[in-house]
Amino acid sequence: MAEYKKPLPAVSSLNQPYWDGLRRRELTLPRCNDCGKIWYPPAPFCPVCWSRNFAWQRLSGRGKVNSWVVFHQAYFSSFKDDIPYNVAEVELEEGPRLLTNLVAVGNDDITIDMPVEIVFDDVTEEVTLAKFRPTRKA
Amino acid sequence: MATENLKDKTAVCGVGHTPYGRRLNRSTIDLAGEAIRNALDDGGMERDDLDGLIVSFGTPIGADADTLAYALGLKLKMYNQTWAHGRFTASCIQWAAMAVNAGLANAVACLATISFSGFRRPMMGGAGDSEGAREAGGGHGEDPVFGMTSPGAGAALVARKYFARFGATSQQLAAVPVAFRKHASLNPAAIMREPVTADDHQNSRFVCEPLHLLDYCLINDGAACVIVTTSERARDLRKPPVYLSGMQGLPGGREEFIWTYPGFGTSQQDVFDYRPGLQPVYQMAGATPQDVDALFTYDAFSILAWTALERFGFCGQGEAAAFTQGGRIEVGGALPMNTNGGLLSEGHIMGWNHQVEIVRQLRGECGQRQVADARIIQWANAYGDSLIYRR
């Protein structure tokens, strides 16, 4: 695998299960066993009801584009060749919103509320990123 | 509400700043020292009259409070400092007001020093920007893993959502930078004074689309200082007091995203119709938005003027795009905003330059850009904090 030069995620004791899940090709987030809330970012207890009774749950990997931007300025040298690249905020079916890059779609073809589905991008041997593409009709 | 006890109890008694410039090649301690001395001179005060310091922006962009205390030979009974974000302007002034009211200090200098040119790597976005490295991401939506970096990118997310949700356009947004540049053209201290048109805005390059270069504030150097004391003490000083009549703090929680109001639907916010009601700042001051003679806001990005107007009820949700057209927010209009030229055109002194301008407006010191008979001026931000000043 070619050397990956883009920034890598800051893995912590709290978000380790998220990154482990992506490595297994599963999108997972904590879900409260008391109130049912699924939340992002990871937290030590439910941010709604403060219950510590939660479990990591596998999600559908489907969502919609809540908003997006296109970078025309290369802030990171590692993204220079990608200019202009998109960053989208995807709202998952289960509620939480994730920042991501949309793939397999031109920047001019992105629309608000566009249905998208997850693509697992193994960027290094340890790290897999959750990216999204327009949902393919079954 | 307890804060009503502070209404008009404290005042700004002196303001001062350095020249502002894109690249001043000056030490941050030097800049801070000049701003503090100018503010003391403005208020007819001496070094020994100053016994408190609150710094809004220290290392790595500005000078830290403890450094200034010993390097400048200040004689402080209290100092404090916020971390390197621009959002703390009102907070610093609120804490200063509480400190002098509680007797912790007699007079507190509130200060920001900015030297963006003093560092080899750009601090706003990219590898030199530590925001995205914070656990759970940056305060403006930074997530460098996906190339999401710089405060402006979070504002671009809000702008895209705003355009889609309310049917507004980038062409309409041009009214904000055009108005503020017009004000800067009347302000000798402003860095960017050449008037711009809506076409100039549309033709300027995209930085983070849908925001154009002219939607972005300046990156520059300078320092500005505001001295807060009790109203009783202020009345004995050189300049007429500018009273702090109302204040509300910086709200936080899952319903907050720095560049917009609750219910907007960015980050983890829910989506609902936002109705501000009468915000606490107005209750404390005994005023309403209709009483405000001029409005100042943290305009790091032009879209923030829209979300601030809606957050405080100057217009309804989704109405700021239309509200800001036709010169309404220009001097001579119904609600002049950022008469100094704002962060967009006077300079990015984290809103401290706006506080200086507010005080001067209320003293009638603003020459060509003076708002006629200004009595009540508000500082109110997209992120929800506010101050109401009166003369």
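The rules behind these values
- Residues numbered from 1 in each chain as written.
- Chains lettered and ligands numbered in written order.
- Predicted model: local features only at pLDDT ≥ 70, side-chain atom pairs only at ≥ 80, totals over all residues.
- Axes fitted to C-alpha atoms, helices over the stretch in contact; angles between N-to-C directions.
- Helix = DSSP H or I, 4+ residues; strand = E, 2+ residues; numbered from the N terminus.
- Left-handed = near helix turned anticlockwise from the far one by under 90°.
- Contact = placed C-beta atoms within 7 Å.
- Nonpolar A, V, L, I, M, F, W, Y, C, P; charged D, E, K, R; others polar.
- Buried ≥ 20, exposed ≤ 12 C-beta atoms within 10 Å, placed from the backbone.

Draft legend 1. Just the packing of helix H4 (residues 151-166) of chain B against helix H10 (residues 303-311) of chain B, in detail. All names here are of chain B. The contact between H4 and H10 brings their axes to 10 Å, and the two run at 65 degrees. The way H4 lies across H10 gives a crossing that is left-handed. Facing Ala-155, Val-158, Ala-159 and Tyr-162 of H4, the residues of H10 in contact are Ile-303, Leu-304, Trp-306 and Thr-307.

Draft legend 2. Molecular detail of the interface of chain A and chain B. Contacts between the two partners involve 30 residues from chain A and, on the opposite side, 32 residues from chain B. For the side of chain A that touches chain B, the secondary structure elements donating two or more residues are strand E3 (62-71), strand E4 (85-92) and strand E5 (97-100) of chain A. A per-element tally of the side of chain A that touches chain B places E3 of chain A first, with six residues. In the side of chain A that touches chain B, the residues fall into 20 nonpolar, seven polar and three charged.

Draft legend 3. Here's a closer look at unusual backbone geometry. Cis geometry marks the peptide bond from Tyr-40 of chain A to Pro-41 of chain A; its omega dihedral reads -5 degrees. Here Pro-41 of chain A shows up in the loop between strand E1 (28-32) and strand E2 (54-58). Backbone torsion omega between Glu-209 of chain B and Pro-210 of chain B reads 20 degrees, so that peptide bond is classified as cis. Locating Pro-210 of chain B in the fold gives a position in the loop between strand E5 (206-209) and strand E6 (211-212). Residue Ser-267 of chain B is not a glycine yet carries a positive backbone phi of 55 degrees. Here Ser-267 of chain B lies in the loop between strand E8 (242-248) and helix H9 (280-285). Note on Ser-267 of chain B: 24 C-beta atoms within 10 Å, which makes it buried. The phi dihedral of Met-350 of chain B is positive, around 60 degrees, even though this residue is not glycine. Position of Met-350 of chain B relative to the elements: it lies in the loop between helix H12 (342-345) and helix H13 (352-363). A count of 28 C-beta atoms within 10 Å places Met-350 of chain B in the buried class.

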